[in-house]
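What the coordinates show
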Amino acid sequence: MNKVCNVYELPGVQRVTGNTIRPGGLALTQRALALAKLPAGAQVLDVGCGAGATLDFLAELGLQILGMDPSRKLLLQGNGRSPHLPLTQGRGETLPFAAHTFDALLAECCLSLMDDAATALAEFARVLRPGGTLILSDMLAGNPAGIAAARQLPLSCCVSGAFSQAQIEALLAEAGFAISYWEDNKEALKQLTVQIIWEYGSLANFWGCAGEDGMGVETAVSTLKPGYFLLLAKKNGHRGHREHGEKEKL
């Protein structure tokens with residue numbers, strides 16, 4: 001891929017999602033942070049911060065924050081809204097921070113956009129302190145048989161980079177993370193899909209506005225049967241009993 005995903009820069013998408021530009025919005029972030037129980041003053045990195053909506057919320061909680069995103073357009077948008085936000089341009093695969101710098105790292109709907117998820121997760125682990133918390137939410141491939149076709153889509157977006165649950169679990173384990181919580185949030189994705197259809201008239205029109213073959217993308221997406229998940233994982237923790245959220249486990 002190796003390019004910024006222009007889908008998230010579309011004005012229509014931001015009209016639907018607000019500044020968070022992802023399923024679940026800040027409500028899902030609030031839930032994740034309630035589960036994480038980070039102490040005041042904790043050092044938190046938001047990878048794929050976009051226009052910085054989550055950073056504003058984190059700052060209100062008394063956390064020490066830093067945001068990074070590859071999109072210059074979104075970062076400028078964030079600086080225009082909140083000039084004092086600590087934002088930097090960069091990619092998750094090459095974090096410009098020293099090892100053991102952060103207590104927590106958020107990657108909300110961005111791992112699937114990266115060229116090399118394994119390298120990115122290794123970087124997440126490197127910059128987290130021992131016992132640090134990874135908060136990860138992203139698209140899920142409900143039908144693993146559809147992943148190959150999704151990878152062939154001529155665009156960089158969370159659909160084309162979605163993983164199955166088994167793949168996510170394996171990638172995290174390889175990077176040295178132990179999952180402590182997993183929650184199904186496919187309803188948030190369904191709600192966002194309905195809002196996009198309302199805004200654009202159809203999903204095919206939406207993908208067409210992103211400069212792609214709308215019908216071709218829609219077919220691949222339908223085969224993939226995408227879902228959405230939230231998980232928390234600990235660096236260098238021991239794999240224990242996984243908690244269950246209030247929603248049905250995937």
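A quick note: this is a predicted structure, and the numbers were derived from the prediction, not measured.

Cut-off values and rules
Every residue gets a number counted from 1 within its own chain, in the order that chain's sequence is written. Confidence filtering applies because this is a predicted model: local features only for residues at pLDDT of at least 70, side-chain atom pairs given and counted only at 80 or more, and all residues used for totals across whole chains, interfaces and linings. Side-chain metrics in this entry use all non-hydrogen atoms of the structure; hydrogen atoms and water are not considered. Criterion for a salt bridge: a side-chain nitrogen of Lys or Arg within 4 Å of a carboxyl oxygen of Asp or Glu. Helix and strand definitions follow DSSP, with helices as H or I runs of at least four residues and strands as E runs of at least two, each counted in order from the N terminus. Only protein chains enter the accessibility calculation, which uses a 1.4 Å probe; a residue is then buried when its area is under 20% of its type maximum, exposed when over 50%, and partly exposed in between. Side-chain rings of Phe, Tyr and Trp, where Trp is taken by its six-membered ring, are said to pair if the distance between their centres is within 6.5 Å; with planes under 30 degrees apart they count as stacked, over 60 as edge-to-face, and otherwise as tilted. Charge-over-ring placement is defined geometrically: NZ (Lys) or CZ (Arg) within 6 Å of the ring centre, and within 35 degrees of the ring normal. Helix axes use the C-alpha atoms of the stretch in contact, all axes being lines fitted to C-alpha atoms, and the angles between their N-to-C directions lie in the range 0 to 180 degrees. Every angle not falling under 35 degrees, over 145, or within 65 to 115 is termed oblique; those three ranges are roughly parallel, roughly antiparallel and roughly perpendicular. Left-handed describes a crossing whose near helix is turned anticlockwise from the far helix by less than a right angle; the clockwise case is right-handed. Throughout, a residue-residue contact means that at least one pair of heavy atoms, one from each residue, lies within 4.5 Å. Think of it as the arc spanned by the lines of direction from the helix axis to the C-beta atoms. To define a nonpolar core, start from buried Ala, Val, Leu, Ile, Met, Phe, Trp, Tyr and Cys residues and group those joined through side-chain atoms within 4.5 Å. Classification convention: Asp, Glu, Lys, Arg as charged; Ala, Val, Leu, Ile, Met, Phe, Trp, Tyr, Cys, Pro as nonpolar; all other residues, Gly among them, as polar.

On to the pattern of salt bridges, then. For the structure on display, the rule yields eight salt bridges. Residue R129 pairs with D103 through a salt bridge whose shortest N-O separation is 2.9 Å. With a gap of 26 residues between them, R129 in strand β5 (residues 128–141) and D103 in strand β4 (residues 102–108) connect regions that are remote in the sequence. On the basis of relative accessibility, which here comes to 30%, the residue R129 falls in the partly exposed class. Linked by salt bridges that have partners in common, R91, E93 and D115 make up one network.

By the definition in use, this model includes two aromatic pairs. Here the aromatic rings of F97 and F102 are separated by 5.3 Å at their centres, their planes lie at 90 degrees, and the arrangement is edge-to-face. Overall, the relative accessible area of 16% leaves F97 in the buried class. What makes F102 buried here is its relative accessible area of 4%. For the pair W182 and F229, a centre-to-centre distance of 4.8 Å together with 15 degrees between the ring planes defines the contact as stacked. With W182 in strand β6 (residues 177–184) and F229 in strand β7 (residues 226–235), this residue pair connects regions lying 47 residues apart in the sequence. In this pair, the class of W182 matches that of F229, namely buried. Lying across the ring of F163, R151 places its NZ or CZ 5.0 Å from the centre.

Between helix α2 (residues 25–36) and helix α3 (residues 53–60), the shortest axis-to-axis distance is 11 Å and the interhelical angle comes to 40 degrees. Classified by the angle between their axes, α2 and α3 sit oblique to one another. With respect to the hand of their crossing, α2 and α3 are arranged in right-handed fashion. Judged by residue contacts, L26, T29, Q30 and L33 of α2 engage A53, T54, F57 and L58 from α3.

Turn by turn, an α-helix covers 3.6 residues, leaving residues three or four places apart pointing in a common direction. Every buried residue of helix α4 (residues 72–81) is listed here: L74, L75 and G78. Seen from one end, α4 has its buried residues packed into an arc of 100 degrees, which puts them on one side. In α4, the exposed positions that point more than 90 degrees away from the buried face belong to R72 and G80.

Turning our attention to the nonpolar core. Within the largest apolar cluster, 39 residues are counted, with the highest numbers of intra-cluster contacts made by L38, L58 and I135. At the level of secondary structure, the elements contributing two or more residues to this core comprise α2, α3, β4, β5, α6 (147–151), α10 (214–224) and β7. Beyond its immediate sequence surroundings of up to four residues, L38 is in contact with L33, V44, L63, A104 and T133. By size, the runner-up hydrophobic cluster in this structure holds 32 residues, among which are A107, A120, L121 and F124.

Within the secondary structure layout, T54 lies in helix α3. Contact partners of T54, with chain neighbours within four places excluded, come to R22, L26, T29, D46, L106 and E108.

This part takes up the packing of helix α5 (residues 117–127) against helix α7 (residues 165–175). One can describe the packing of α5 onto α7 by two numbers: an axis separation of 9 Å at closest approach and a directional angle of 45 degrees. Viewed along their axes, α5 and α7 adopt a mutual orientation that is oblique. Crossing handedness for the pair α5 and α7: right-handed. Note on element contacts: α7 touches α5 through L171, L172 and A175, opposite A117, A118, L121, A122 and A125. In terms of residue class, the contact of α5 with α7 is built from eight nonpolar, no polar and no charged.

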